[in-house]
Amino acid sequence: MIHMLEKHGSIRMSCSYLLKATNNFSDDNVIGMGKSATLYKATIGNGNFLTVKRFRDFPHIEQKFMCEIMTNGRLKHRNLVSLLGFCKEKEEKLLVYNYMANGSLYDWLHPMEVGYERPTLNWPLRYEITLGIARGLAWLHHNCNYRVTHGNICSKFIFLDKNFGPKISSFGGRMIMTSKSGNLRMRICEKSEFRESDDVYAFGILLVEVVTGKKPEDVSNLCEGFDETLISGNLCNAIESSLSGKGFDGDISQFLEVALDCIGLSLNERPTMLEVYKSLRSMGAKKGSAYTSEIPMQIGDGCGTHVAEHYGIDII
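Basis of the calculations
- Residues numbered from 1 in each chain as written.
- Predicted model: local features only at pLDDT ≥ 70, side-chain atom pairs only at ≥ 80, totals over all residues.
- Heavy atoms only, no water.
- Axes fitted to C-alpha atoms, helices over the stretch in contact; angles between N-to-C directions.
- Helix = DSSP H or I, 4+ residues; strand = E, 2+ residues; numbered from the N terminus.
- Parallel < 35°, antiparallel > 145°, perpendicular 65-115°, else oblique.
- Contact = heavy atoms within 4.5 Å.
- Nonpolar A, V, L, I, M, F, W, Y, C, P; charged D, E, K, R; others polar.
- Pairing = 2+ DSSP bridges.
- Phe/Tyr/Trp six-rings, centres within 6.5 Å; stacked < 30°, edge-to-face > 60°.
- Buried < 20%, exposed > 50% of the residue type's maximum accessible area, 1.4 Å probe, protein only.
- Lys NZ or Arg CZ within 6 Å of the ring centre and 35° of its normal.
- Core = buried A, V, L, I, M, F, W, Y, C linked by side-chain atoms within 4.5 Å.
- Salt bridge = Lys/Arg side-chain N within 4 Å of Asp/Glu carboxyl O.

## Brief notes about the packing of helix α6 (residues 123-142) against helix α7 (residues 196-212)
Where α6 meets α7, the closest approach of the two axes is 11 Å, and the angle between their N-to-C directions is 175 degrees. By the angle between their directions, the pair α6 and α7 is classed as roughly antiparallel. When α6 is examined against α7, the residues Trp-123, Arg-126, Thr-130, Ile-133, Ala-134, Leu-137 and His-141 are found in contact with a partner set consisting of Glu-196, Asp-199, Phe-203, Leu-206, Leu-207, Val-210 and Val-211. In terms of residue class, the contact of α6 with α7 is built from nine nonpolar, two polar and three charged.

## Some points on the sheet that holds strand β4 (residues 49-55)
Taken in spatial order, the six strands line up as β1-β5-β6-β4-β3-β2 in an open sheet, and their pairing is mixed. Unpaired on one side and paired on the other, β1 (11-12) and β2 (30-33) mark the two borders of the sheet.

## Structural notes on the packing of aromatic side chains
Tallied over the full model, the rule gives five aromatic pairs. Arranged with centres 4.8 Å apart and planes meeting at 85 degrees, the rings of Trp-123 and Phe-255 form a pair that is edge-to-face. Here Trp-123, found in helix α6, pairs with Phe-255, found in helix α11 (residues 249-264); they are 132 residues apart in sequence, far enough to count as distant. For Trp-123, a relative accessible area of 2% gives the class buried. Over the ring of Phe-25 we find Arg-54, and its NZ or CZ is 4.1 Å from the ring centre.

## Side note on the environment of Ala-202
Within the element layout of this structure, Ala-202 appears in helix α7. With 51 residues separating them along the chain, Ala-202 and Gly-151 place their C-alpha atoms 8.4 Å apart.

## Things to note about the nonpolar core
Ranked by internal contacts, the top residues of the largest apolar core, which has 50 residues, are Leu-105, Ile-133, Phe-203 and Leu-280. Among the elements of the structure, α4 (105-109), α6, β7 (146-149), β8 (158-160), α7, α8 (216-223), α11 and α12 (273-287) are those that each provide at least two residues to this core. Not counting residues within four places of it along the chain, the set of residues in contact with Leu-280 comprises Tyr-127, Thr-130, Leu-131, Ala-134, Phe-203, Phe-255 and Val-258. Counting 13 residues, the second-largest nonpolar core is a separate cluster that includes Met-13, Cys-15, Cys-87 and Val-96.

## Let's talk about the pairing of β2
If a strand is regular, its side chains alternate between the two faces of the sheet. Where β2 lies against strand β3 (residues 37-43), three bridges are found, and the strand directions are antiparallel. Note that in β3 the partner of Val-30 across the bridge is Tyr-40. Between β2 and β3, which follow one another and run antiparallel, lie three residues.

## Details of unusual backbone geometry
Phi at Asn-23 is positive, roughly 55 degrees, even though this residue is not glycine. Within the element layout of this structure, Asn-23 appears in the loop between α2 (15-21) and β2. A positive phi angle is found at Asn-24, which is not glycine, with a value near 60 degrees. Tracing the sequence through the fold places Asn-24 in the loop between α2 and β2. The class for Asn-24 is exposed, based on a relative accessible area of 55%.

## Some words on the pattern of salt bridges
Using the criterion set out here, one finds seven salt bridges in the structure. Of the charged contacts, one joins Arg-54 and Glu-92 as a salt bridge, the two residues approaching to 2.6 Å between their closest N and O atoms. Of this pair, Arg-54 sits in strand β4 while Glu-92 is found in strand β6 (residues 92-98), placing the two residues 38 residues apart along the sequence. Residue class for Arg-54 comes out partly exposed when judged on its relative accessible area of 26%. For Glu-92, a relative accessible area of 16% puts it in the buried group. Here Asp-198 and Arg-195 are joined by a salt bridge, their closest N and O atoms 3.5 Å apart. According to the relative accessible area criterion, Arg-195 is partly exposed, its value standing at 38%.

Structure (C-alpha cells):
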C-alpha cells in the first residue's frame, strides 16, 4: 500500500517531523475542523508553512484516508489543493498540503461568523475566484485520463492561497473517479447518485452565494424564486450591498444568468462545467483591463497538454 501511494507522487513523512512542525498538534495551530479530521498549521525549518490534516477515529476512516490520497495524489491542477505527503504510523493518519494563507472562501463571504472583520472582496476578485473554481471543475469533469465528480462543492471547501487563487478541496469519500482510457478501470469511493450535473447545480448555488453574501443554507430558499424576474428587475434586492452601484451591475446580471442555467434547468438540460467556464470567461474577456487577464484553459495530465474535444478551447 505504501509503495502504491509513493508511486503516485505522495511523499511519506515521519510522524515525529509533523509533530514537531505542529507543536505536538497544539490547539493554537488549529486552522480548521471537520467531522472526521482537524487541520493544523505546520511551521517547517525554512520559515514556510504547511497544512497537516489529522484524521480522527471515525467510521470508514481508513477508506476515506486512502481515497483522499489516491485522488489528490493523482490529480494535479492549479485550482486543486496540492497533496504534498502523507504519514501512516500506528493510529495516526496524516495528510500534508500546501498552506492556504487566506483560508476558505466561506470565511471571506461570511466574516461575522468567523468572529473578526475582513476587507470586503470586490467584484473583480470575486469573479476571478469563481472563474478559477469553474476552471478546476471543468478540468475534473473533462480530464483526458480521469472523469471526476466532486459531489460536495461549496464555499467551505474552496481555499484561497496568498494571491487569492482558489483551490478546490475535500474529494475524499464523496467523489467518483473513472478512467476514460481502457487501461485503468477504477472507481474510488463509488456513490452512483453523484453526477457531474450535481456539481453544476452546486456550483450555481455557489455563484448565488458569491453575489448575495447569503449563507449556503439560505441560498436554496432564495433559489426557489430565482428566475428571470430576479435578474431583470430585482438585482438590487439580490446582490450584496457592497457590490451594488460600483460599475459592475451589468456583469453581475450576466453572472446570475449563468447561475440560473446551473440551478434552474432540469437535470438533463444543465450545461456542462466546460460550457459554464466558457460563459464566465467570456465575461472577463469583454471587460478587458477591468479584470485580470485570463490564461486559456488546458487539460494536462503531467505528460502534456490536451485540447478538450469538440469545444475548441484549451484547459489548463
